[in-house]
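Descriptive structure summary
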Amino acid sequence: MTKYVYDFTEGNRGMADLLGGKGANLAEMTGMGLPVPPGFTITTEACRAYLTAGTIPADLSYEVDTHLHAMEIAAGRKLGQVDAPLLVSVRSGARFSMPGMMDTVLNIGLTDDSVVGLAAWSGSPRLAWDSYRRLLQMFGETVLGIDAQHFAGALHAAKEAKGVTGDLDLDGDDLRQLTARYKEIIRAESGRDFPQDPREQLDLAIESVFASWNTDRARTYRRAEHIPDDLGTAVNVCAMVFGNLGDDSGTGVAFTRDPATGAAGVYGDYLANAQGEDVVAGIRNTLPLDRLADLHPGPYAQLLDIMRTLEKHYRDLCDIEFTIERGTLWMLQTRVGKRTAAAAFRIAEALHAEGVIDADEALRRVTGAQLAQLMFPRFDGNAAARRIATGVAASPGAAVGEVVFDSDTAVARAAAGAAVILVRRETNPDDLDGLIHARGVLTSRGGKTSHAAVVARGLGRTCVCGAESLDIDPDVRRFTTADGIVVTEGDVISVDGTAGVVYLGRVPVVPSPVAEYFEGRDVGDDELVRAVDHIVRHADARSRLGVRANADTPADAGRARRLGATGVGLCRTEHMFLGERRALVERLILAADDAEREAAIAALLPLQRADFVDILSEMDGLPVTIRLLDPPLHEFLPDRTELTAQAAVAKALGRPATSERLLRAVNRLHEENPMLGMRGVRLGLVIPGLYDMQVRAIAEASAARLRAGGHPHAEIMIPLIGDARELEIVAARASGILAEVAAESGVDLPLEIGTMIELPRAALTADRIAETAEFFSFGTNDLTQTTWGFSRDDVEAAFFPTYLAERVFTVSPFETIDRDGVGRLIGLAVAMGRAARPGIALGVCGEHGGDPESIRFFHEVGLDYVSCSPFRVPIARLEAGRAAVGDDDGSVDSR
């Protein structure tokens with residue numbers, strides 16, 4: 001027979017999967033000999049059995065009877081007895097904390113008879129009737145599903161009839177009458193009377209807590225926190241203790257360290273003559289915890305001793321709930337406390353310095369997400385601000401600037417010294433210059449993986465996408481909010497990329513000393529910066545994965561190096577062909593003969609060579625992986641619609657159609673699905689001279705740096721390979737060019753030639769591709785698109801919300817690697833690639849290279865490095881170290 005119920009004396013904190021976080025910690029405190037009221041925990045297994053069958057497991061009732069009897073013996077009272085009744089609380093307690101998401105019922109055991117006994121035992125009729133009416137309200141709402149407004153309305157009417165505004169102004173007689181009204185509501189709304197059998201109350205409350213696992217709010221919370229749906233919740237049944245029995249009683253919350261700053265000390269709140277929910281509800285002003293020393297010196301000294309004991313035992317900040325009942329201290333809950341990002345680093349560093357935890361454990365105690373919070377600038381939370389829109393928090397940070405509606409204006413205004421926010425319905429590759437010069441980006445379309453979001457994160461720009469309530473009209477240079485506010489070009493707005501909120505006007509920004517430190521600027525003797533520095537340096541020492549950066553400009557490369565990158569894992573050459581250079585590429589692609597083509601190549605070659613010299617100079621001595629031209633062909637062609645219109649107008653007016661030859665060429669090259677058409681290696685094979693020019697530019701730049709005394713380490717990456725033969729052809733040509741330039745310059749050029757693995761077929765034939773490729777870099781953006789059959793720019797808004805709601809996936813596969821599908825392809829490619837070429841270097845350069853959970857996977861699968869945007873390099877360094885030290889020590893998760 002499956003054991004479904006454990007007494008608090010039977011468990012421990014290592015049983016959180018079975019007993020839930022709350023039950024495991026109550027059992028742990030009981031085992032430590034701390035004063036915990038008697039109780040028992042019904043396991044998550046029982047909940048899962050209930051959710052599967054739709055009924056309470058057959059053996060559960062007997063086990064509950066047995067443990068309830070033991071509780072009654074320990075308490076010296078029976079559930080619901082008329083004279084001094086034992087009352088119990090029934091609370092949820094999942095493996096991961098889900099505050100307020102599931103049901104709780106207090107004061108189980110009160111009946112029309114036992115309420116009189118409680119009044120006599122406590123000496124307070126008000127306490128007894130208040131407890132009873134709270135039971136009726138909780139039971140009615142959670143167990144019987146009655147709308148809370150019915151009870152709220154009755155309470156309001158009672159206060160109004162007496163001419164008071166506060167709950168505490170109602171006396172025992174008032175609450176007795178309110179209790180009668182609540183019973184009438186239950187009868188009218190549920191069709192049954194409130195049960196007078198305490199055991200029936202308990203059974204129904206337990207079932208209600210089980211069922212609350214699948215409420216809409218619980219599902220939504222789990223989706224947001226990436227908590228699996230199949231865990232279920234435990235149920236904790238605990239003897240009630242009362243902090244509202246008089247001035248010798250009270251309740252409070254304590255922290256062993258400040259959860260906001262991480263500072264050591266006594267932190268918390270206390271309320272005399274109150275129940276725990278009163279502290280949270282804020283209906284009375286609390287006292288600082290240290291005031292308890294004056295009110296109850298004995299219990300206070302005992303509490304401090306317990307706080308020290310718990311922190312030493314858990315080796316972490318502890319969050320404690322306690323009640324004092326007539327001078328006796330009771331511990332109702334403890335858990336590893338939630339904390340701010342700053343507190344997380346300070347506490348981890350302090351505990352390490354105190355010898356409580358080692359450096360590896362300090363590293364486990366912090367996350368890349370917390371480090372990201374510390375690095376981004378933020379708005380001053382005390383400043384007055386007018387919210388005008390919300391959208392997707394696509395790239396964190398706080399940006400303030402003038403509104404501009406196109407890239408050219410952004411560049412011009414930035415050159416004039418203005419801070420600008422680029423506002424677009426959506427962005428495209430031609431907006432890159434504007435994105436570079438803008439402080440922030442705001443779009444009315446798209447999501448976290450849209451172009452604007454991806455590029456903004458890569459550039460470290462603040463971005464809010466998908467602000468659908470905004471009507472953006474770039475033609476008249478303005479946008480209108482849902483409230484009718486018109487914002488015109490030049491007006492100032494503030495964009496919060498962390499919260500996904502847009503404000504009218506200028507909101508003060510607070511700089512991040514942590515980001516300043518990583519950039520190499522002097523921040524003085526900052527305690528938080530010291531903590532971050534020590535932990536990140538330890539992560540570097542423990543990490544097996546290298547961390548490179550995606551950088552397309554010398555400025556990006558230099559910044560990446562300052563932030564700790566060990567190279568450039570992706571230099572996208574297409575970003576070097578905007579503006580005037582685009583016309584040269586257009587000439588090359590549309591060349592009618594060899595002479596036109598050679599002229600375009602001759603013009604492009606010195607420009608590309610200079611680009612590569614600058615980037616290799618910034619990253620001297622470190623690898624720079626340069627991807628040959630990859631974007632879809634149409635991005636370098638004149639607009640087909642515009643050419644068609646010009647030709648039609650010319651024909652109508654009887655004028656010569658100067659663009660007719662160009663239109664024929666564009667029509668010949670037009671593609672219905674350009675992302676799967678003429679791009680990547682296909683361009684290099686079909687357009688003579690294009691890749692040859694880029695390889696020569698890389699070779700000549702490397703030779704120039706060698707002659708100048710530098711130590712260039714360029715790597716040539718050929719994109720979108722689907723078959724080994726494609727790579728063989730281009731690699732052979734590239735090797736020939738490298739040999740030519742080496743002979744011409746008189747220097748050795750042992751540049752490695754490799755490829756991106758971004759198509760399923762490439763992953764499945766990695767062994768054959770590795771016969772030629774000297775390195776693989778997994779392009780997980782396109783590999784995810786082609787594995788799922790998704791168009792990244794379309795699907796997020798179209799159906800991702802439905803897929804997330806229906807749990808097709810719990811997080812976008814463009815944010816965190818899909819281990820089961822894309823991850824399996826990567827694992828196969830790694831194994832086959834290394835089997836064919838044991839020394840092959842393996843990395844990743846997609847967006848996933850900066851995602852903490854994905855970094856853990858890349859460590860496990862055996863990659864050599866990850867590459868991410870420069871701003872995320874410190875985050876990736878931290879997560880690479882955390883992946884190396886492995887999971888935590890098994891303490892209860894405080895999520």
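Residues numbered from 1 in each chain as written. Predicted model: local features only at pLDDT ≥ 70, side-chain atom pairs only at ≥ 80, totals over all residues. Heavy atoms only, no water.

The strand order 1-2-5-3-4 describes an open sheet built from 5 strands, whose pairing is antiparallel. The two strands at the open ends of the sheet, each matched to only one other strand, are strand 1 (5-7) and strand 4 (104-108). Strand after strand, the sheet turns through a mean of 20 degrees between neighbouring axes, direction not considered. Sheet topology note: the strand 2 (residues 39-42)/strand 5 (residues 233-239) ladder contains 4 bridges and is antiparallel. In the strand pairing of strand 5, Gly39 is matched with Cys238. Helix 1 (residues 16-31) rests against strand 1, strand 2, strand 3 (88-94) and strand 5 of the sheet, and its axis sits at about 125 degrees to strand 3. (Pairing = 2+ DSSP bridges. Helix = DSSP H or I, 4+ residues; strand = E, 2+ residues; numbered from the N terminus. Axes fitted to C-alpha atoms, helices over the stretch in contact; angles between N-to-C directions. Contact = heavy atoms within 4.5 Å.)

One finds Phe345, Leu371, Phe776 and Ile826 to be the most contacted residues of the largest nonpolar core, which totals 129 residues. If near-sequence neighbours (up to four positions away) are discounted, Phe345 is found in contact with Val366, Thr367, Gln370, Leu371, Leu374, Leu528, Ala531, Val532, Ile535 and Leu878. By size, the runner-up hydrophobic cluster in this structure holds 53 residues, among which are Ala46, Val115, Leu127 and Leu202. (Core = buried A, V, L, I, M, F, W, Y, C linked by side-chain atoms within 4.5 Å. Buried < 20%, exposed > 50% of the residue type's maximum accessible area, 1.4 Å probe, protein only.)

A few words on the pattern of salt bridges. The tally for this structure, following the rule as stated, stands at 57 salt bridges. When the shortest N-O distance is used, the salt bridge between Glu853 and Arg819 registers 3.6 Å. With Glu853 in helix 35 (residues 852-861) and Arg819 in the loop between helix 33 (800-805) and helix 34 (822-836), this pair connects stretches of sequence that are 34 residues apart. Judged by relative accessible area, Glu853 falls into the partly exposed class, the value being 40%. A network of salt bridges, in which partner residues are shared, links Asp316, Arg339, Glu361, Arg364 and Arg365. (Salt bridge = Lys/Arg side-chain N within 4 Å of Asp/Glu carboxyl O.)

Moving on to the state of the cysteines. Summed over all chains, the structure comprises 0 disulfides. Of all cysteine sulfurs in the structure, the one in Cys465 sits closest to Cys463, which takes part in no disulfide; the separation is 3.4 Å. In this structure Cys463 comes out as buried when scored by relative accessible area, which is 0%. The thiol sulfur of Cys571 is not disulfide-bonded, and the nearest other cysteine sulfur, from Cys845, lies at 11 Å. We classify Cys571 as buried; its relative accessible area is 0%. (Disulfide = S-S within 2.5 Å.)

With antiparallel pairing, the 5 strands of this open sheet are ordered in space as 8-7-6-9-10. The outermost strands of the open sheet, each flanked by one partner alone, are strand 8 (287-288) and strand 10 (328-336). Bridge count between strand 7 (residues 264-272) and strand 8: 2 bridges; the pairing is antiparallel. By the bridge assignment, Asp269 is partnered in strand 8 with Pro288. Strands in contact with helix 12 (residues 297-314) are strand 6 (250-257), strand 7, strand 9 (318-325) and strand 10; relative to strand 10, the strand with the most contacts, it is inclined by about 25 degrees.

Okay, the packing of helix 27 (residues 690-707) against helix 28 (residues 724-745) next. One can describe the packing of helix 27 onto helix 28 by two numbers: an axis separation of 9 Å at closest approach and a directional angle of 35 degrees. Between helix 27 and helix 28 lies a crossing of right-handed hand. Counted together, Tyr691, Asp692, Val695, Arg696, Ala699, Glu700, Ala703 and Arg707 of helix 27 and Val730, Arg733, Ala734, Ile737, Leu738, Glu740, Val741, Glu744 and Ser745 of helix 28 form the full contact between these two elements. Taken together, the residues of the contact of helix 27 with helix 28 sort by class into 9 nonpolar, 1 polar and 7 charged. (Left-handed = near helix turned anticlockwise from the far one by under 90°. Nonpolar A, V, L, I, M, F, W, Y, C, P; charged D, E, K, R; others polar.)

On to the packing of helix 13 (residues 341-353) against helix 20 (residues 527-542). Where helix 13 meets helix 20, the axes come as close as 9 Å, and the angle between the chain directions of the two elements is 65 degrees. One way to sum up the angle between helix 13 and helix 20 is to call them roughly perpendicular. You can see that helix 13 and helix 20 cross each other, and the crossing is left-handed. Where helix 13 abuts helix 20, its residues Ala342, Phe345, Arg346, Ala348 and Glu349 lie against Glu527, Leu528, Ala531, Val532, His534 and Ile535. Among the residues forming the contact of helix 13 with helix 20, the class breakdown is 7 nonpolar, 1 polar and 3 charged. (Parallel < 35°, antiparallel > 145°, perpendicular 65-115°, else oblique.)

Attention now goes to the side chain of Thr251. Turning to its location among the elements, Thr251 is positioned in strand 6. Among the polar contacts made by the side chain of Thr251, one reaches the main-chain carbonyl oxygen of Phe322 at a distance of 3.1 Å. (Polar contact = N/O pair within 3.5 Å; in protein donor to acceptor, adjacent residues only side chain to side chain.)

Below, the discussion takes up the confidence of the model for the protein chain. Taken residue by residue, the protein chain gives an average pLDDT of 90. The fraction at 70 or more is 96%. When the criterion is pLDDT under 50, residues 889-895 qualifies, and its contacts beyond four places in sequence or with other chains add up to 23 contacts. (pLDDT = per-residue confidence, 0-100.)

Our next topic: the side chain of Glu700. Mapped onto the elements, Glu700 comes out in helix 27. Glu700 sits in the buried class, given a relative accessible area of 16%. For Glu700, the side chain forms a polar contact with the side chain of Arg609, separated by 2.4 Å. The contact partners of Glu700, leaving out residues within four places of it in the chain, are Leu605, Arg609 and Val741.

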